[in-house]
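# Chains, contacts and geometry: an overview
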Amino acid sequence: MPTPPTVADLLARCLLAQGARRVFCSWAHPPAPLPGLDVIEVPSDALATVLADADGRSVTGDAAGPGVALLSDARLRLTSQPGLVVEAHPVADPSELPLLVAGWSLGEVLTASEIDLGGLDLTAPAPEGVEPLDVSAASDQLVALSPSLAGFSMVLLVGPGVVRAGQAPAVAEAARRTGAGVVATPGAVGVLPLDDPAWLGVVGLQADDAVRSGLADAELVVTAGIDPAEAPPLADTVQVLEVEPWHLALMARHWPEVAERAPGGSDLTRVLASLVDHASDAAGGLVATSAETLGLLPVGGVVAADAGPAGLWLARGLFPGAATVVVPARPCDGFAAATAFVAALDDRPALAVTAAPVTDLTRAVVDLAAERDLPLVVEVWGGAPAGGDGRLVDRLEEAARSGGRSCAAVPVDLSGSEVLVEALGPVSAWREHGG
């Protein structure tokens, strides 16, 4: 006679229905297994949380479910927003689980929710007739732009939801059909090639981005996949139309042909291009280090950077790169290393970039990688050189050959970031939404 399903079985099916693949567990003795999910035991709640945050933040396309952490006080965290602190929702009736799990994001691009499982007996039989739910706040109705808008000065503002939904190629199609320029928030850096005539730059990193990119002067801003935690403020006078990421390639399909856009980008892209051409020495080696870092990994790889100098330079859109750049919208200790760790779990080449000094949580991620025999290399900007001179790429390759787990110091001058501040104003990212 088959064993009846338990509450833990129901919970696992609810998580799987949301696209979860694994659980980072710091609960020393969880009362029941979660079938179908890869349960990875970790020694602390902080480590489980940042790994789940990174897992949920970095997946895209069909795999874009939440990262999941099962914490020592019976809290279940479902997350795609690193660093977000939320209150746990207590649950005593297992029939509530499908709705609580399915509603973890409520249509937001990047978010987190927590469920307090302390009032449940996970080993008890699941209630009959209770099944996982699919709750989606996304509209299934296409927003079509009227051809009468073709005369407006239009900018497309795209964020991480576009990348998360696998709709980055649609951005180029939308720009081609509408003649609009494209700006991206840091979570969508790389959605267009830097030499695309529609590319106007990354906004939301520094105070002058919106003005210098032309976003502030647009008559109409069409937004898709925006995370409010990293988006720049827009004036009340700007007309804003929000569309779903999947609308981008289709929303102007009835428009007349748009004349080919003249190359030139924006004032923002020209300032950055000039910085690359003339300010390497003034930036204390950060320009050259950024270029070399972005050139290290192939297509499909991940360059994950922590908030601060590393995130600022790598998300600034200074250089082309085959790898995906991932930065958090909020300060999150250990994020870069955690993102490289979860990429390694999926056999994706990855590199973590942080600034000295290396934090205890980042070291804990490296130690966990060693325990699981996973490759993980952390590039530490501003650190003292470790073991001789030589090119960064040579030292990182040597780190990979020597076991694949290393903190490689890069002796650049972090005060060189002042050249960006002088050019584009104070850093605005990672402050207002510190969480």
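Above this text is the structure in question.
Summary of the structure given here. (Residues numbered from 1 in each chain as written. Predicted model: local features only at pLDDT ≥ 70, side-chain atom pairs only at ≥ 80, totals over all residues. Heavy atoms only, no water.)

This paragraph deals with the pairing of strand 7 (residues 154-158). In terms of burial, strand 7 is largely enclosed, as five of its five residues are buried. Side chains M154, L156 and V158 project from strand 7 onto one buried face, and the interleaved V155 and L157 project onto a second face that is buried too. Relative to strand 10 (residues 220-224), strand 7 is paired through five bridges, and the arrangement is parallel. Bridge pairing in strand 10 links V155 to V221. Relative to strand 8 (residues 181-184), strand 7 runs parallel, the two being bridged by four bridges. Paired with V158 across the bridge in strand 8 is A184. (Buried < 20%, exposed > 50% of the residue type's maximum accessible area, 1.4 Å probe, protein only. Helix = DSSP H or I, 4+ residues; strand = E, 2+ residues; numbered from the N terminus. Pairing = 2+ DSSP bridges.)

Applying the stated criterion across every chain, the model contains 13 salt bridges. Between D55 and R22 there is a salt bridge, with its nearest N and O atoms 3.0 Å apart. Residue D55 is found in helix 2 (residues 45-58), and its partner R22 is found in strand 1 (residues 22-25); the two are separated by 33 residues along the sequence. Residues D55 and R22 agree in their burial class; the two are buried. R22 serves as the salt-bridge partner of D346, at 2.6 Å between the closest nitrogen and oxygen. With D346 in the loop between helix 10 (335-345) and strand 14 (350-355) and R22 in strand 1, this pair connects stretches of sequence that are 324 residues apart. Of the residues examined, D346 reaches a relative accessible area of 29% and is grouped as partly exposed. When salt bridges that share partners are traced, they join D53, D73, R75, R77 and E114 into one network. (Salt bridge = Lys/Arg side-chain N within 4 Å of Asp/Glu carboxyl O.)

Before going further, it helps to examine the sheet that holds strand 7. Within the open sheet, the five strands sit side by side as 9-8-7-10-11. Their pairing is parallel. The two strands at the open ends of the sheet, each matched to only one other strand, are strand 9 (199-202) and strand 11 (239-243). Between one strand axis and the next, the sheet turns by 20 degrees as a mean value, whatever way the strands run. (Axes fitted to C-alpha atoms, helices over the stretch in contact; angles between N-to-C directions.)

Turning next to helix 8 (residues 286-294). Three- or four-residue spacings in an α-helix give side chains the same orientation, since the helix completes a turn every 3.6 residues. Within the sequence span of helix 8, burial applies to L286, V287, T289, S290, T293 and L294. Down the axis of helix 8, the buried side of the element spans an arc of 165 degrees, and every buried residue falls inside it. (Arc of directions from axis to C-beta.)

In this section: the nonpolar core. Soluble globular proteins tend to pack their nonpolar side chains together in the buried interior. Counting residues in each nonpolar core, the largest one holds 62 residues, and the members touching the most others are M154, V158, V182, L248, W313 and W381. With 36 residues, the next largest nonpolar core counts L345, L368, L376 and V380 among its residues. (Core = buried A, V, L, I, M, F, W, Y, C linked by side-chain atoms within 4.5 Å.)

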